[in-house]
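Take a look at the letters that make up each chain.
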Amino acid sequence: MPTEGMAIARLALDAAMLRHQAIASNIANVNTAGYVPLRVNFEEQLASVSGNQGSGDKLQGVTPFIEQESKPNGLTPQVALDMEIVKLNMNTLHYQALLRAISRYTSIEVVAITEGSR
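Conventions used here
Residues numbered from 1 in each chain as written. Predicted model: local features only at pLDDT ≥ 70, side-chain atom pairs only at ≥ 80, totals over all residues. Heavy atoms only, no water. Helix = DSSP H or I, 4+ residues; strand = E, 2+ residues; numbered from the N terminus. Buried < 20%, exposed > 50% of the residue type's maximum accessible area, 1.4 Å probe, protein only. Contact = heavy atoms within 4.5 Å. Areas by Shrake-Rupley, 256 points an atom, 1.4 Å probe, with all protein chains shown as cover. Core = buried A, V, L, I, M, F, W, Y, C linked by side-chain atoms within 4.5 Å. pLDDT = per-residue confidence, 0-100.

## With respect to the overall build of the chain
Next, step 1: A count of helical and extended segments in the chain gives three helices and two strands.
Next, step 2: The helix and strand sequence of the chain, counted from the amino end, reads α-β-α-β-α.
Next, step 3: For the chain, the residues scored as buried account for 26% of the 118 residues in total.
Next, step 4: Within the chain, contacts between residues at least 6 apart in sequence are counted, and of these 71% link residues at least 24 apart.
Next, step 5: Accessible surface, the chain as shown: approximately 7800 Å² in total, 59% of it carbon and sulfur.

## Observations concerning the side chain of Glu84
Next, step 1: By secondary structure assignment, the location of Glu84 is in helix H3 (residues 81–116).
Next, step 2: Glu84 has contacts with Ile23, Asn26, Ile27 and Val79, leaving out every residue within four places of it along the chain.

## Examining the nonpolar core
Next, step 1: Leu11, Val40, Phe42 and Val62 are the most contacted members of the largest nonpolar core, which totals 14 residues.
Next, step 2: Of all the secondary structure elements, the ones that give two or more residues to this core are helix H1 (3–28) and H3.
Next, step 3: Sorting elements by how many residues they give to this core places H1 first, with seven residues.

## Details of the confidence of the model for the chain
Low pLDDT marks stretches whose predicted atomic positions should not be read closely.
Next, step 1: On average, residues of the chain score 85 in pLDDT, and 90% of them are at 70 or above.
Next, step 2: Ranking the helices and strands of the chain by mean pLDDT puts strand S1 (residues 38–41) first, with 93, and helix H2 (residues 43–49) last, with 82.

As structure tokens, then:
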């Protein structure tokens, strides 16, 4: 992973952590009348900057954040417990995969540094 790849991985880990918080809040409020479910805005931001070629600081301003879900027709979305559990499991797997990738990358860097100093 080049430096930009590590920056994206770091942002993705931040987004996964926030997503866990949003999902936990949604699960805790599953029976709360008038509760508006939360979601994390990250992938949309990343997609909007992915087309920018040649910009070294294209990740500038990309920050994952929690927001309320909305429906296009103006109706308030409802929390479905089974879907939140699925989201939680998917997010856990995603988080673990990111950690493994970062760990592998850093272990390769350590080998390169230690072998290069011999």
